[in-house]
Amino acid sequence: PTSHTSHPLLPELRSCTFAPPTPTSHPTPAIMATTTTEISAQTSTRVLAHMNDDHAASVHAMVLSNLPHREVVRCKVQNAKMTSITMKAYSISYVFCDGNTCDMRTIE
């Protein structure tokens, strides 16, 4: 197993630090400067590769959890791939087959 200290995403996770709250109701410039609201394109690419390569079953399960139960039972989901990720959202593309008819879909 991979140790916690050698995880490939740990440097980026450590860099996502937030300043402690202040008693004021408005953020100070110091807080705004240290608050990370987006991840870099490079980090996004690494996270996507990690999720698709190492957690394909979880990405597939994420698709299934977004489908109505009747579709999960009756239809087939294939090739689920996480295609984008930000601090607030992700997108997954997948092939959805109902009988002999298949089409590409996206969860956003």
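Only a predicted model underlies this, so the values are computations on that prediction, with no experimental measurement involved. (Residues numbered from 1 in each chain as written. Predicted model: local features only at pLDDT ≥ 70, side-chain atom pairs only at ≥ 80, totals over all residues. Heavy atoms only, no water.)

*Asks:* Help me understand the confidence of the model for the protein chain in this model?
*Replies:* In regions of low pLDDT, the predicted coordinates are not meant to be interpreted in detail. Residues at a pLDDT of 70 or more form 67% of the protein chain, whose mean pLDDT is 79. Within the protein chain, the lowest mean pLDDT, 46, falls on helix α2 (residues 29-34), and the highest, 97, falls on strand β1 (residues 76-85). (pLDDT = per-residue confidence, 0-100. Helix = DSSP H or I, 4+ residues; strand = E, 2+ residues; numbered from the N terminus.)

*Asks:* Which parts of the structure should I look at to understand the environment of Thr 86?
*Replies:* Structurally, Thr 86 can be placed in the loop between β1 and β2 (90-98). Looking at Thr 86, the relative accessible area reads 36%, which means it is partly exposed. Remark: the alpha-carbon pair of Thr 86 and Val 47, spanning 39 residues in sequence, is separated by 10.0 Å. In this view, Thr 86 contacts Glu 38 and Ile 39; residues no more than four positions away in its chain are not counted. (Buried < 20%, exposed > 50% of the residue type's maximum accessible area, 1.4 Å probe, protein only. Contact = heavy atoms within 4.5 Å.)

*Asks:* What am I meant to see in the state of the cysteines here?
*Replies:* Counted according to the given criterion, the structure contains one disulfide. Here Cys 97 connects covalently by a disulfide to Cys 102, the sulfurs 2.1 Å from one another. What sets the handedness of the Cys 97 and Cys 102 disulfide is the S-S torsion sign, and at about 110 degrees it is right-handed. Cys 97 sits in the buried class, given a relative accessible area of 7%. (Disulfide = S-S within 2.5 Å.)

*Asks:* It is not clear to me how unusual backbone geometry should be interpreted in this structure. Could you clarify?
*Replies:* Peptide bonds are trans in most cases, and residues, glycine excluded, mostly fall at negative phi. Positive phi is not limited to glycine here, since Asn 79 has a value of about 55 degrees. Residue placement: Asn 79 occurs in strand β1.

*Asks:* I would appreciate a short explanation of the environment of Ala 41 in the present structure.
*Replies:* Checked against the element boundaries, Ala 41 lands in helix α3 (residues 41-54). A C-alpha to C-alpha distance of 9.8 Å links Ala 41 and Ser 84, two positions 43 residues apart in sequence.

*Asks:* What is the right way to look at the pairing of β1 in this model?
*Replies:* For a regular strand, the rule is simple: side chains alternate between the two faces of the sheet. Where β1 and β2 come together, seven bridges link them in antiparallel fashion. Note that in β2 the partner of Ile 85 across the bridge is Tyr 90. (Pairing = 2+ DSSP bridges.)

*Asks:* Which parts of the structure should I look at to understand the pattern of salt bridges?
*Replies:* Any two side chains of opposite charge can pair, given that their charged atoms come close. Under the criterion given, the structure shown has three salt bridges. The partner of Arg 105 in a salt bridge is Asp 103, and the shortest N-O contact between them spans 3.8 Å. Of the residues examined, Asp 103 reaches a relative accessible area of 35% and is grouped as partly exposed. Taken together, the shared-partner salt bridges in this structure form one network comprising Glu 71, Asp 103 and Arg 105. (Salt bridge = Lys/Arg side-chain N within 4 Å of Asp/Glu carboxyl O.)

*Asks:* Hey, could you run me through the sheet that holds strand β3 (residues 101-107) in this one?
*Replies:* Strand pairing in a sheet relies on backbone hydrogen bonds, with the paired strands running either antiparallel or parallel. Spatial ordering of the open sheet is given by β1-β2-β3, a layout of three strands whose pairing is antiparallel. Edge positions in the open sheet fall to β1 and β3, since each of these has one partner strand only. Looking at each pair of strands side by side, their axes are set apart by 15 degrees on average, direction ignored. Here helix α4 (residues 56-65) sits on the sheet in contact with β1, β2 and β3, set at roughly 105 degrees to β1. (Axes fitted to C-alpha atoms, helices over the stretch in contact; angles between N-to-C directions.)

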